[in-house]
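Listed below are the residues making up each chain.
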Amino acid sequence: MISSSLNQLARQEKTRREILHKSDLVPPLPDLVSRLLQLLGNQETEPRDLEALLQNDQVLVAKMLAMVNSPFYGLNRTVGTIKEAVMVLGFRGVRSLVLATGTARFLQRDFGAYGHEPRGLWRHAVCVAAGARQLALRCGMARDDAEQVFVSGLLHDIGKLLLVAYVQADPGQIGAPSVVEHERATVGLDHAEAGALVAAKWNLTDEIQEVIRAHHDDDPAAGASMAVAVVRLADAAAHAAGIGYLEGRAPAEDARSVDLALVGLDERDWEGVRIELQATMEEAVAALGDLGS
């Protein structure tokens with residue numbers, strides 16, 4: 001028995017080192033997306049700089065404009081150019097569009113081992129992103145900060161991209177609600193830690209990396225922040241809605257009291273807010289769920 005446990009720990013540690021040190025396991029962002037993100041992070045960038053770069057990829061432009069003109073954004077005008085999108089959404093809002101269009105294909109792979117329906121991880125990610133943005137604004141966060149929360153919500157489960165092959169090879173009892181525990185037992189790390197590695201490889205902000213890393217913290221009170229709380233609550237609401245999951249496979253996760261306290265809600269308030277968030281999530285999936293197809 002002791003020998004078996006030691007062998008399992010050795011396999012876990014070997015797999016963990018493989019994932020942590022083999023950076024080629026992390027797929028690179030498309031070159032154009034990386035260059036766009038660099039521009040958007042430069043305070044001296046002008047809208048014309050974005051347009052000059054984007055003129056080389058009209059497909060990406062079309063997808064971005066389709067997103068911004070969808071009912072999900074609820075604008076009272078039609079946006080026809082990237083310059084207009086910057087004027088309406090700001091650079092952080094455009095960054096959300098860029099990352100959504102640039103990462104959709106990674107999140108639309110086969111994640112059936114996690115209980116997701118075809119393209120279900122993408123739909124779940126859209127739900128959490130949309131819900132997190134709405135909750136952030138409801139809690140009084142600045143619009144730029146809410147856009148960063150949107151990105152964190154969109155990519156909160158990106159670590160599954162690195163772990164899915166290992167989970168498929170040893171599916172065990174990965175059903176709800178023990179996905180993270182199963183990952184740790186099988187692989188030696190969970191998708192939250194793996195996701196932070198992906199975000200770092202993509203040069204996303206430290207804040208985004210931290211939200212991804214912390215969204216399954218065992219001790220939810222440790223280092224909790226407003227952004228982490230918002231994404232965890234949106235994730236709980238998305239799981240309750242079940243969008244993107246096969247029937248009966250969505251994790252059953254209740255909202256954590258520490259997160260509710262951070263955003264100024266109690267459990268009675270949360271029920272009504274959760275229903276509002278789920279309505280927004282359904283609108284977002286209707287508008288963005290087929291992105292990248």
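The structure presented is a predicted model; accordingly, all values stated were derived computationally and were not measured.

Novice: Please provide a residue-by-residue account of the overall build of the protein, values included.
Specialist: Looking only at helices and strands, the protein features 14 helices and zero strands. For the protein, the N- to C-terminal ordering of α and β elements is α-α-α-α-α-α-α-α-α-α-α-α-α-α. In the protein, once contacts between residues fewer than 6 apart in sequence are set aside, the share between residues at least 24 apart is 71%. Counting every atom, the protein has about 13500 Å² of accessible surface; 49% of that belongs to carbon and sulfur.

Novice: So what about the packing of helix H7 (residues 143-154) against helix H12 (residues 226-241)? Which residues, and what values?
Specialist: To characterise two packed helices, one gives the angle between the axes of the helices and the distance between these axes. Closest axis-to-axis distance for the H7/H12 pair is 10 Å, and the angle between their directions is 50°. By the angle between their directions, the pair H7 and H12 is classed as oblique. Handedness of the crossing formed by H7 with H12: right-handed. Residues Val149, Ser152 and Gly153 of H7 pack against Ala227, Val230 and Val231 of H12. Classifying every residue of the contact of H7 with H12 by side-chain character gives four nonpolar, two polar and no charged.

Novice: Please give an account of the layout of surface pockets that cites residues and values.
Specialist: Counted as a void, the largest pocket has a volume near 480 Å³. Lining the largest pocket are 19 residues; nearest its centre among them are Leu37, Gln38, Gly41, Arg95 and Asn203. Secondary-structure elements contributing two or more residues to the lining of the largest pocket are helix H2 (31-40), helix H5 (82-107) and H7. Its residues assigned to classes, the lining of the largest pocket shows seven nonpolar, seven polar and five charged.

Novice: Tell me what's going on with H12, and back it up with residues and numbers.
Specialist: Look at H12: 23 Å from first C-alpha to last across 16 residues, which is about the 22 Å you get at 1.5 Å a residue. Burial runs high along H12: 13 of the 16 residues are buried.

Novice: Explain the packing of H12 against helix H14 (residues 267-288) to me, using residue names and the numbers behind them.
Specialist: In contact at an axis separation of 9 Å, H12 and H14 are set at 70° when each is read in the N-to-C sense. Classified by the angle between their axes, H12 and H14 sit roughly perpendicular to one another. Residues Leu233, Ala234, Ala237, Ala238, Ala240 and Ala241 of H12 lie in contact with H14, whose contacting residues are Trp270, Arg274, Leu277, Gln278 and Met281. A per-class count over the contact of H12 with H14 returns nine nonpolar, one polar and one charged.

Novice: Residue-level account of the environment of Glu18, with values.
Specialist: Structurally, the position occupied by Glu18 is in helix H1 (residues 2-21). When sequence neighbours within four positions are dropped, the list of residues in contact with Glu18 reads Leu25 and Tyr166.

Novice: Give a description of the side chain of Arg95 that names residues and reports values.
Specialist: Residue placement: Arg95 occurs in helix H5. Despite its burial, Arg95 remains without a salt bridge, the nearest opposite charge being carried by Glu147 at 7.4 Å. For Arg95, the contacting residues outside a window of four places in its chain are Leu37, Leu40, Gln148, Val151, Thr205 and Ile208.

Novice: Tell me about the pattern of salt bridges, residues and numbers included.
Specialist: Counted by the stated rule, this structure contains 10 salt bridges. Measuring nitrogen to oxygen at the nearest pair gives 3.7 Å for the salt bridge that ties Arg268 to Asp266. Given a relative accessible area of 30%, Asp266 falls into the partly exposed group.

Novice: Please give an account of the side chain of His215 that cites residues and values.
Specialist: Positionally, His215 belongs in the loop between helix H11 (206-214) and H12. For His215, the side chain forms a polar contact with the main-chain oxygen of His156, separated by 3.5 Å. Dropping the residues within four chain positions of it, His215 is found in contact with His156, Asp157, His191, Ala192, Arg232 and Asp235.

Novice: An account of the environment of Gln209 is requested, with residue identities and associated values reported.
Specialist: Within the secondary structure, Gln209 is located in helix H11. Separated by 10 residues in sequence, Gln209 and Ala199 place their C-alpha atoms 5.7 Å apart. Ignoring anything within four residues of it in the chain, the contact list for Gln209 reads Ala196, Ala199, Ala200 and Leu204.

Novice: For a negative patch on the surface, give the residues involved together with the corresponding values.
Specialist: A grouping of Asp144, Asp145, Asp206 and Glu207 is seen on the molecular surface, where their side chains present a negatively charged patch. Sorting the residues of the negative patch by element identifies H7 and H11 as the ones contributing at least two each. Looking at where Asp144 falls in the secondary structure, it is placed in helix H7.

Novice: How would you summarise unusual backbone geometry if you had to cite specific residues and measurements?
Specialist: One non-glycine residue, Arg119, adopts positive backbone phi at about 60°. With respect to the helices and strands, the residue Arg119 is situated in the loop between H5 and helix H6 (120-138). At Asn203, a position not held by glycine, the phi torsion is positive, near 60°. Overall, the relative accessible area of 69% leaves Asn203 in the exposed class.

Conventions used here
Residues numbered from 1 in each chain as written. Predicted model: local features only at pLDDT ≥ 70, side-chain atom pairs only at ≥ 80, totals over all residues. Heavy atoms only, no water. Helix = DSSP H or I, 4+ residues; strand = E, 2+ residues; numbered from the N terminus. Contact = heavy atoms within 4.5 Å. Areas by Shrake-Rupley, 256 points an atom, 1.4 Å probe, with all protein chains shown as cover. Axes fitted to C-alpha atoms, helices over the stretch in contact; angles between N-to-C directions. Parallel < 35°, antiparallel > 145°, perpendicular 65-115°, else oblique. Left-handed = near helix turned anticlockwise from the far one by under 90°. Nonpolar A, V, L, I, M, F, W, Y, C, P; charged D, E, K, R; others polar. 1 Å grid on protein atoms, 1.4 Å probe; cavity = no way out; pocket = protein on both sides within 12 Å on 5 of 7 lines; lining within 4 Å. Points joined across faces, edges and corners; volume = space filled by probe spheres on them. Expected span 1.5 Å × (residues − 1). Buried < 20%, exposed > 50% of the residue type's maximum accessible area, 1.4 Å probe, protein only. Lys, Arg positive; Asp, Glu negative; His and termini not counted. Salt bridge = Lys/Arg side-chain N within 4 Å of Asp/Glu carboxyl O. Polar contact = N/O pair within 3.5 Å; in protein donor to acceptor, adjacent residues only side chain to side chain. Patch = residues over 30% accessible without salt bridge, like charges linked within 9 Å, V, L, I, M, F, W, Y side chains within 5 Å. Charge placed at Lys NZ, Arg CZ, Asp CG, Glu CD.

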